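Coordinates in review
As a plain string of letters, each chain reads:
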Amino acid sequence: MLAHLLEPTPLPPTVRSNRLPVGSPLYNECVEFLIDEAEMLDELRFAEWSQLLAQDIEYNVPQRLTRPVRMQDGTIIRTVQHMHDNHASLMLRVRRITETRSAWCEDPPSRTRRLVSNVRVYRTEKPNEFKVQSYMLLTRNRFDFDYFDLIPCDRHDVLRKDGDTLQLARREVLIDQSVLGTPNLGIFL
C-alpha cells in the first residue's frame, strides 16, 4: 500500500491527433503561461509563482540512467527521484527560500535563465486539462564564479484551465543528465 503512495500518477497519453495547432489561441495561452512562469522563477518571484500551482499538483523529477539502445524504456527511474513534491511540500520549499535563513544552497540566490522551446500542446480526456510538453535549458550561475551550470530537460506538464486562468496541475521533468552537473537542486525546474 505504501508503494502505491510513492508512485507518481501517470501522465495522460500523447496522441498526435489531439495536438493543438501552433498559433491557435489555446496553444498561445499555454506558451504564454510557460514564458510567464519562467520569468517569475528567474526573477525570484516565488510567491507569485506559487499562485500558478493547483492544489492537487504533483511535481516530479525522476532519476535518469544510461542504458543501451535496446533498453531505452528503462532510462527513467520513477521510484528514485530528485524531487517528488505536492502542493504542501512545494509551499515549504518556497517559504524556506523566501522566509528563512536555512536555504543556504540559495542564499545568495542563483542567477538563472530558463529557455523554453519546442512546446507541444495536446487535448486530454478532460476538457479543462491539457498536456504540454516542452524542452527547457536552464542556465545557473552562483556567487562570482566564471562558469555556469547547464541543466537541459524535457518537461511534461498538465495545465488546467480554471475560469480564465491556467494552473500547473502536474509536472514531470526529465533531466537529460544521469549525473547532475550542478551541486544541488535548490531551484525549481
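It should be noted that the structure appears before, not after, this text.
Right, let's walk through the structure included here.

With that settled, consider unusual backbone geometry. Even without being a glycine, L44 presents a positive backbone phi close to 60°. Position of L44 among the secondary structure elements: in the loop between α2 (25-42) and α3 (46-50). Residue classification places L44 among the partly exposed residues on the basis of a relative accessible area of 38%. At N118, a position not held by glycine, the phi torsion is positive, near 50°. On the secondary structure map, N118 appears in strand β3 (residues 111-123). By relative accessible area, N118 is classed as partly exposed at 44%.

Taken as a whole, this structure holds 2 aromatic pairs when the rule is applied. Considering the side-chain rings of W49 and F188, the 4.5 Å spacing of their centres and the 35° angle between planes classify their relative orientation as tilted. Residue W49 is found in helix α3, and its partner F188 is found in the segment after β6 (165-175); the two are separated by 139 residues along the sequence. With respect to burial, W49 and F188 carry one shared label: buried. A network of ring pairs unites the aromatic residues F46, W49 and F188 as a single cluster. Seen from the ring of Y135, R120 lies directly overhead, with NZ or CZ sitting 5.1 Å from the centre.

Right, let's talk about the nonpolar core for a bit. One finds W49, L90, V121, I175, F188 and L189 to be the most contacted residues of the largest nonpolar core, which totals 37 residues. Of all the elements in the fold, those that place two or more residues in this core are α2, α3, β1 (53-64), α4 (87-99), β3, β4 (129-141), β5 (149-162) and β6. No other element matches the 8 residues that α2 contributes to this core. Filtering out sequence-adjacent residues up to four positions away, W49 remains in contact with E37, M40, L41, L90, V94 and F188.

So, about the environment of D85. With respect to the helices and strands, the residue D85 is situated in strand β2 (residues 76-86). On the basis of relative accessibility, which here comes to 7%, the residue D85 falls in the buried class. Remark: the alpha-carbon pair of D85 and F33, spanning 52 residues in sequence, is separated by 21 Å. The contact partners of D85, leaving out residues within four places of it in the chain, are I57, E58, Y59, N60, L90 and R93.

Each value, and the rule that gives it
- Along every chain, residues carry numbers that run from 1 in the direction the sequence is written.
- Only residues with pLDDT of at least 70 get local features here, since the model is predicted, and only at 80 or more are side-chain atom pairs given and counted; chain-wide, interface and lining totals rely on the full set of residues.
- Based on all heavy atoms of the structure, the side-chain values leave hydrogens and waters out of the count.
- Secondary structure elements are taken from DSSP: a helix is a run of H or I of four residues or more, a strand is a run of E of two residues or more, and numbering for both begins at the N terminus.
- Here's how the labels work: a residue is buried when its accessible area is under 20% of the maximum for its type, exposed when over 50%, partly exposed in between, all with a 1.4 Å probe on protein chains only.
- Any two rings among Phe, Tyr and Trp, with Trp reduced to its six-membered ring, count as a pair given centres within 6.5 Å; such a pair is stacked if its planes are under 30 degrees apart, edge-to-face if over 60, and tilted if neither.
- Criterion for a charge above a ring: Arg CZ or Lys NZ at most 6 Å from the ring centre, at most 35 degrees from the ring normal.
- Nonpolar cores were defined as sets of buried Ala, Val, Leu, Ile, Met, Phe, Trp, Tyr and Cys residues, with membership established by side-chain atoms within 4.5 Å.
- Contacts are assigned to residue pairs with any non-hydrogen atoms lying within 4.5 Å of each other.

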